[in-house]
Amino acid sequence: MFRFQSAKKAISKVFEGERWTEYERAVREWEQICSEMDQREAELRRSRTPGPCRLSVYFCGMVLCLAELPFRLAHHAMMWFIGSCLAGLARGEVELFVMQAAAHEIALHLYIHVVADAICLNLTHPCSPHIYVYEEDCSLQRPTKPVPPVDASGETNDGKGNDESCCSCCGCGCDDMC
């Protein structure tokens, strides 16, 4: 089993070993930094999780949302029915009736399939809700990954240039044009 996929890469690695060593060191440092950032993000998330008081208020809000849901469903179903009847009577010539019926149909679909599922999912897990809308974003901005060095022919491991584009000639970023 060969370690290199082509002789050109092997020759490049031998003659430009110092640049490859520097690249491999930079990749190891980048991986270490990303690992430490992941740990820090996990710490921040744990420290900023809501306490029992906030979770109980959030749970009460979810119960009220669930109590309000049938009334919203009835309203949108009734408006969809009226809009559909008016659109049918106008034989689709009054575009506003068709658009209103479609808007209420979409709202009805969202309340049935998205909102109801989200509320029920949160109510079944009161101590750790799946959707907590007041959660802070704790993500950190990652540094860019080091780019492999370019050999004399302008190729790296993937046959791409130093700028992760499809070729080193134009830097256009296309995969199938060059």
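Residues numbered from 1 in each chain as written. Predicted model: local features only at pLDDT ≥ 70, side-chain atom pairs only at ≥ 80, totals over all residues. Heavy atoms only, no water.

Asker: Is there a simple way to explain the confidence of the model for the protein in this structure?
Answerer: Any residue range with low pLDDT should be treated as having predicted coordinates unsuitable for detailed reading. Averaged over the protein, the pLDDT score is 79; the fraction of residues at 70 or greater is 75%. Every residue in residues 158–166 is under pLDDT 50, and counting partners more than four places away or in other chains gives 21 contacts. (pLDDT = per-residue confidence, 0-100. Contact = heavy atoms within 4.5 Å.)

Asker: What is the right way to read the side chain of N122 from this model?
Answerer: Positionally, N122 belongs in helix 4 (residues 95–124). A polar contact of 3.5 Å, which involves the side chain of N122, links it to the side chain of Y58. Among the polar contacts listed, one links the side chain of N122 to the backbone oxygen of I131, at a separation of 2.7 Å. Filtering out sequence-adjacent residues up to four positions away, N122 remains in contact with Y58, M62, P129, H130 and I131. (Helix = DSSP H or I, 4+ residues; strand = E, 2+ residues; numbered from the N terminus. Polar contact = N/O pair within 3.5 Å; in protein donor to acceptor, adjacent residues only side chain to side chain.)

Asker: Got a minute to help me understand a nonpolar patch on the surface in this structure?
Answerer: Taken together, M78, W80, F81, I82, L86 and L89 make up a surface patch of nonpolar side chains, about 610 Å² in accessible area. Among the secondary structure elements, W80 is positioned in helix 3 (residues 52–89). (Patch = residues over 30% accessible without salt bridge, like charges linked within 9 Å, V, L, I, M, F, W, Y side chains within 5 Å. Areas by Shrake-Rupley, 256 points an atom, 1.4 Å probe, with all protein chains shown as cover. Salt bridge = Lys/Arg side-chain N within 4 Å of Asp/Glu carboxyl O.)

Asker: Hey, could you run me through the nonpolar core in this one?
Answerer: L55, Y58, M62, I119, L123 and Y132 together form the largest nonpolar core, which totals 6 residues. Counting residues per element, the ones that place at least two in this core are helix 3 and helix 4. Per-element tally for this core: the top contributor is helix 3, with 3 residues. (Core = buried A, V, L, I, M, F, W, Y, C linked by side-chain atoms within 4.5 Å. Buried < 20%, exposed > 50% of the residue type's maximum accessible area, 1.4 Å probe, protein only.)

Asker: Quick question: what am I supposed to make of the environment of F97 here?
Answerer: Tracing the chain through its elements places F97 in helix 4. Given the relative accessible area of 28%, F97 is considered partly exposed. Along the sequence, F97 and A87 sit 10 residues apart, while their C-alpha atoms lie 5.1 Å from each other. Leaving out residues up to four positions away in the same chain, F97 has contacts with G83, L86, A87 and A90.

Asker: What is the right way to read the packing of helix 3 against helix 4 from this model?
Answerer: Packed helix pairs are specified by the crossing angle of their axes together with the interaxial distance, meaning the distance between the axes. The N-to-C vectors of helix 3 and helix 4 enclose an angle of 160 degrees; their axes lie 8 Å apart at closest approach. When the interaxial angle is binned, helix 3 and helix 4 end up roughly antiparallel. Viewed along their axes, helix 3 and helix 4 form a crossing whose handedness is left-handed. (Axes fitted to C-alpha atoms, helices over the stretch in contact; angles between N-to-C directions. Parallel < 35°, antiparallel > 145°, perpendicular 65-115°, else oblique. Left-handed = near helix turned anticlockwise from the far one by under 90°.)

Asker: What is the right way to read helix 3 from this model?
Answerer: Quick reminder: α-helices carry 3.6 residues per turn. Residues three or four places apart thus point the same way. Over its 38 residues, helix 3 runs 55 Å from end to end, which matches the ideal 56 Å to within 8%, given 1.5 Å per residue. Bending of helix 3 peaks at approximately 30 degrees at the position of E68, with proline P70 no more than four residues after it. Of the positions making up helix 3, those classed as buried are L55, Y58, M62, L69, H76, G83 and A87. Against the buried residues of helix 3 lie helix 4. Looking one or two residues beyond helix 3, the residue adopting positive phi is R91, at roughly 55 degrees. (Expected span 1.5 Å × (residues − 1). Bend = angle between axes of the 7 residues up to and from the residue.)

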